[in-house]
Amino acid sequence: MITAVRRYAVGILAIAVTVVVFIVPLLFMVLTAVKDRKEAAKLEFTWPTNFQFVENFTQVLSARKFMLVTAFINSTILTVASVTILVVLAAMVAWVLQRRRSRWNGVANFLILSGLIIPPAIVPTIWVLQSIGLFKTLPGLILIEVAFGLSFCVMLFRAFIASIPKELDEAAVIDGCGPVRLFFRVIFPLLRSVIVTVIVVQSVAIFNDFQHPLYFLPGDANATVQLTLFNFQSQFTTNYNLLFMNILLITIPPFVMYLFFNRQIVAGMTAGAVKG
Amino acid sequence: MTLNTAPTPSAVRHLAPAAHTKRRKGSSPYPYWFYLPAAVIYTALFLVPTFASFFFSFTRWNLTEFTFIGLDNFVQFFQEPALLKGLTNTFIYGLVTSSLKVVLGMLLAVLLTSRIIARGYLRSVIFFPVLLSSIGVGIVFTVLMDPRNGMINEALATVGLKGPAWLTDPAWALLSVALVDVWKGVGLATVIYIAGIVSIPQEYFEAAKMDGATSIKSFFNITLPLARPATATVIILSLIGGLRSFDLIWAMTKGGPGFTSDVIASVIYKQYQAGFYGLSTAGNVVLFLIVTAIILPLSTFLNRKEVEQ
């Protein structure tokens, strides 16, 4: 009886606290995004008297020659391309690393840990990109995201591959499978669940990335959504409704991901973390 | 680093000769060239810049030509107040964010693994900010923390408290950003702790209860020691993130007012923008040394018990 009361009392208290701490700021963002300019400028947590969703929406999209639309296209290309490359390359590395023991394993493990810990050296990276002609280009940024995301993905894949019985490889080899077919036709399909995890975790991370586009892809022509938002911040200081509409729009993709892949995201982030 | 120790060694040995005859000489089903594409990208864009940074940090540099100036960049880093402030702020920021995440994450995880109502809702809502963009969160909280008509200070005023000026007060700016960082990141710490606590066998708690232990006692004597791997992970992860942190600080204060909330990462960006590439690279080297000097000993220390098992 007492435990039941406590169950509800503590639960309701926790709900109240999370509403104040987490829901109110998020709701404030949504409400401000649909207010008109005057009302938004008051920065108050009130119900909008004048709903302007459509108007704010079109205004944000068309601002600065449809900059946000360009940015969404760029960010989508960036995210899809780098996550695809990451998944294939990281799975290949993880598979050989997990299956074949050699003197390279020590080196590879060391490099993976380094990739997780060491902060990337910014200007020298620009120097390398410039010398191979990829600075300020989308392909350059895609390769950057791949390079910086590899360690984490290899770790996730390797932990999962350890649970696939090696007999499977042996059977495929005896049946005459070469390494490429063995990997892409036999192993890769078995990795499906961890691939989903890697895809959702990495795409949210890359979509939200601000620092690397800022350094390696400056310029309006190929801005990403985070950069555009950052630039709007200084431009829209008097238009909080538009600024918040922008935030709302770029929050939708991660939110949709979270709705559908809640479990995989949490699993990926904790599994990768615990192994580190 | 769990290498596969599946019960296969003997089986593999049986199969190996048979499989070997089928295979062409010298070719393994696990070819090394699978490393190649990843290794090329990783080497070119991560390893080479990392090594190059050590060299270029001793130079004055404009990307095409450089003059060797010895330790001047580092001397400047430790002498100029603006840069030195970034150094100390990095430590403060890392310490504040990671310790708050450890404490709050642990408490929330204990709460969410206990039998209360609405656990699913609580867990989702606490975790969701992890997926938000730092820039978006930064802007929203810049508005909420507005000293004059921001919501936080207005709420404090209704209960008779006078809130600080948050981001515009030099004494509070860094701490304010750190608090927002905790708001955004505590969900990750919580789910890591939940995973750690769930893996503790329930029998321990039952046995302790039989022996008359209070819930506080079993927290300190069972949960805390047995969730040690989770604690290690949370500390290491949030320290790595905290020491390198850039996005949130840049979105909220840009290191201001003055340079009171600068951290090394923002100093690196400012020096890069100003065209001091050598100095910026030296900042990178300093950050590298700090992160490794803190993380490596700490992770060996925190993971010691796990290795002994």
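Structure shown above.
The sections below set out a description of the structure shown in this document. None of these values were measured; they are calculated from a predicted model.

Another aspect to go through is the overall build of chain A. When its secondary structure is counted, chain A shows 12 helices and 0 strands. Scanning chain A from its N terminus toward the C terminus, one meets helices and strands in the order α-α-α-α-α-α-α-α-α-α-α-α. Taken over the C-alpha atoms alone, chain A extends approximately 70 × 70 × 35 Å along its principal axes. With 276 residues in all, chain A has 55% of them scored as buried. A separation threshold of at least 6 residues defines the contact pool for chain A, and within that pool the share at least 24 residues apart is 73%. Taken as a whole, chain A presents about 12000 Å² of accessible surface, with 69% of it coming from carbon and sulfur.

Now for the overall build of chain B. Of regular secondary structure, chain B possesses 15 helices and 2 strands. Residues classed as buried in chain B amount to 50% of the 309 residues present. Of the contacts formed within chain B by residues at least 6 apart in sequence, a portion of 67% connects residues at least 24 apart. Element-wise, carbon and sulfur atoms account for 67% of the exposed surface of chain B, whose accessible area totals about 15000 Å².

The next point concerns the packing of helix α5 (residues 122-131) of chain A against helix α14 (residues 277-302) of chain B. Packed helix pairs are characterised by how far apart their axes lie and by the angle those axes make with each other. The geometry of α5(A) relative to α14(B) is characterised by a closest axis approach of 7 Å and an angle of 120 degrees between their N-to-C directions. One element, α5(A), and the other, α14(B), form an angle in the oblique class. Along its contact with α5(A), which presents Ile122(A), Val123(A) and Pro124(A), the element α14(B) presents Tyr277(B), Ser280(B), Thr281(B) and Asn284(B). Class assignment of the residues belonging to the contact of α5(A) with α14(B) gives a composition of 4 nonpolar, 3 polar and no charged.

Taken together, the contacts link 91 residues of chain B with 99 residues of chain A. Roughly 9100 Å² of surface becomes buried between chain B and chain A when both sides are summed, with 76% attributable to carbon and sulfur atoms. The largest share of the area that chain B buries against chain A comes from Tyr30(B), Phe34(B) and Leu45(B), three residues that together contribute 9% of it. At the boundary of chain B and chain A, one finds 0 salt bridges. Broken down by element, the residue count for the side of chain B that touches chain A peaks at 14 residues, all from helix α2 (residues 36-56) of chain B.

So, about a positive patch on the surface. Together, Arg7(A), Arg115(B), Arg119(B) and Lys209(B) make up a positively charged patch on the protein surface. Relative to the helices and strands, Lys209(B) is located in helix α9 (residues 202-210).

A few words on helix α6 (residues 138-161) of chain A. All names here are of chain A. An ideal rise of 1.5 Å per residue puts 34 Å on 24 residues; α6 measures up with 32 Å between its terminal C-alpha atoms. Helix geometry: α6 is bent most strongly at Leu-150, by close to 50 degrees. Among the 24 residues in α6, 20 count as buried, and that is most of the element.

Take the side chain of Thr32(A) next. Counting through the fold element by element, Thr32(A) comes out in helix α1 (residues 2-33). Excluding residues that lie within four positions of it along the chain, Thr32(A) makes contacts with Ala40(A), Tyr240(A), Asn241(A) and Phe244(A).

On to a nonpolar patch on the surface, then. A surface patch of nonpolar side chains, amounting to about 470 Å² of accessible area, comprises Val180(A), Phe184(A), Trp33(B), Leu36(B) and Val40(B). Checked against the element boundaries, Phe184(A) lands in helix α8 (residues 179-190). Accessibility expressed as a relative area gives 33% for Phe184(A), which makes it partly exposed.

The next subject is the pattern of salt bridges. Counted according to the given criterion, the structure contains 3 salt bridges over all chains. Taking the shortest distance from any N to any O, the salt bridge between Asp169(A) and Arg99(A) comes out at 2.7 Å. Note that Asp169(A) is positioned in helix α7 (residues 166-174) and Arg99(A) in helix α3 (residues 53-99), a separation of 70 residues in sequence. Judged by relative accessible area, which is 5%, Arg99(A) ranks as buried. When the shortest N-O distance is used, the salt bridge between Asp262(B) and Lys270(B) registers 2.9 Å. Look at Asp262(B) and you get buried, because its relative accessible area is 3%.

Quick notes on the rules
- Residues numbered from 1 in each chain as written.
- Chains lettered and ligands numbered in written order.
- Predicted model: local features only at pLDDT ≥ 70, side-chain atom pairs only at ≥ 80, totals over all residues.
- Heavy atoms only, no water.
- Helix = DSSP H or I, 4+ residues; strand = E, 2+ residues; numbered from the N terminus.
- Buried < 20%, exposed > 50% of the residue type's maximum accessible area, 1.4 Å probe, protein only.
- Contact = heavy atoms within 4.5 Å.
- Areas by Shrake-Rupley, 256 points an atom, 1.4 Å probe, with all protein chains shown as cover.
- Axes fitted to C-alpha atoms, helices over the stretch in contact; angles between N-to-C directions.
- Parallel < 35°, antiparallel > 145°, perpendicular 65-115°, else oblique.
- Nonpolar A, V, L, I, M, F, W, Y, C, P; charged D, E, K, R; others polar.
- Buried area = accessible area lost by both parts, 1.4 Å probe.
- Salt bridge = Lys/Arg side-chain N within 4 Å of Asp/Glu carboxyl O.
- Patch = residues over 30% accessible without salt bridge, like charges linked within 9 Å, V, L, I, M, F, W, Y side chains within 5 Å.
- Lys, Arg positive; Asp, Glu negative; His and termini not counted.
- Charge placed at Lys NZ, Arg CZ, Asp CG, Glu CD.
- Expected span 1.5 Å × (residues − 1).
- Bend = angle between axes of the 7 residues up to and from the residue.

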